[in-house]
Amino acid sequence: MAVKSEIQKQADGSVHASVVGKIDEHFDGKDILAAATDAKTVVLRLDGVRSISSLGVRALEGFMRELGAKQVFLDDISAAMANQFSMIPNLLANAQVRSAKLPFVCPSCGTEHLHSIPYHNGAGTTHAPECPSCKTKMEFDGFSEEYLPHKK
Ligand SMILES: [Zn+2]
């Protein structure tokens, strides 16, 4: 199976799930949807999604639609996910992204590091981490506008 998910029901009735792997046409998220039938809130952790194929985008769109009227939070979306949401904002349906785990690089020593930042325009600069090796402020590795929402 291309995608593995881990699902936990919390004491407050919400469902937390993490999705790991490549999202392609085989992704349906049925196990998550089944676990979330009675849940009002669903929290998805998506830093393990390495890539999304073009057919996977459709599959993901269907899954997000199935989640329907629930309150959906997305935590630590991976660069692959962030890139899709940036190109196709409608893909999010009514889900709210809380954070994105994106690549940073140290301008001084070249260390690369994935770091979780708030999902808003400019966070790639304002929330850049310190290099774990030399403490220099790291830089976003790429164009942040390809990963973060555009200014409204
Ligand atoms: Zn460094």
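Residues numbered from 1 in each chain as written. Predicted model: local features only at pLDDT ≥ 70, side-chain atom pairs only at ≥ 80, totals over all residues.

It is worth spelling out the overall build of the protein at this point. Secondary structure summary: the protein contains 4 helices and 8 strands in total. Beginning at the N terminus, the succession of helices and strands in the protein can be written as β-β-α-β-α-β-α-β-β-β-α-β. For 152 residues, the compact-globule estimate of 2.2 N^0.38 gives 15 Å, and the C-alpha radius of gyration of the protein, at 16 Å, lies within 12% of that figure. Counting the 152 residues in the protein, one finds 28% classified as buried. Within the protein, counting contacts between residues at least 6 apart in sequence, those at least 24 apart form 64% of the total. (Helix = DSSP H or I, 4+ residues; strand = E, 2+ residues; numbered from the N terminus. Rg over C-alpha atoms; globule rule 2.2 N^0.38 Å. Buried ≥ 20, exposed ≤ 12 C-beta atoms within 10 Å, placed from the backbone. Contact = placed C-beta atoms within 7 Å.)

Counting residues in each nonpolar core, the largest one holds 27 residues, and the members touching the most others are L46, I77, M81, A82 and A100. Per-element tally for this core: the top contributor is strand β3 (residues 41-52), with 5 residues. Here this core gathers at least three residues from each of two domains, domain 1 (1-97) and domain 2 (101-152). Those residues in contact with L46 that sit more than four places away from it in its chain are V19, L74, D76, I77, S78 and M81. Among the nonpolar cores identified, the runner-up in size contains 5 residues, and F104, C131, M138 and F140 belong to it. (Core = buried A, V, L, I, M, F, W, Y, C linked by C-beta atoms within 7 Å. Domains from an automatic or database assignment.)

This paragraph deals with the sheet that holds strand β7 (residues 112-118). A sheet is described by the order of its strands in space; here 3 strands give the open sequence β7-β6-β8, paired in antiparallel fashion. Two strands bound the open sheet, and with one partner strand each, they are β7 and β8 (139-140). Where strand β6 (residues 99-105) lies against β8, 2 bridges are found, and the strand directions are antiparallel. Pairing of V105 across the sheet is with E139, part of β8. (Pairing = 2+ DSSP bridges.)

In this fold, F63 is placed in helix α2 (residues 54-67). Taking the C-alpha atoms as reference, F63 lies 10 Å from L92; in sequence the two are 29 residues apart. Contacts of F63, omitting those with residues within four sequence positions, involve F27, D28 and G29.

Glancing now at the pairing of β3. Strand direction decides the pairing type here: strand β2 (residues 15-23) and β3, joined by 8 bridges, are parallel. Paired with K22 across the strands is S51, a residue of β3. Regarding topology, helix α1 (residues 30-35) serves as the crossover connection from β2 to the parallel β3, and that connection is right-handed. Of the strand pairs in this sheet, β3 and strand β4 (residues 71-75) are connected by 5 bridges, and their pairing is parallel. Considered in β4, the bridge of T41 is made with Q71. Between the parallel elements β3 and β4, the chain passes through α2 in a crossover that is right-handed. (Right-handed = clockwise from strand over helix to strand, strands pointing away.)

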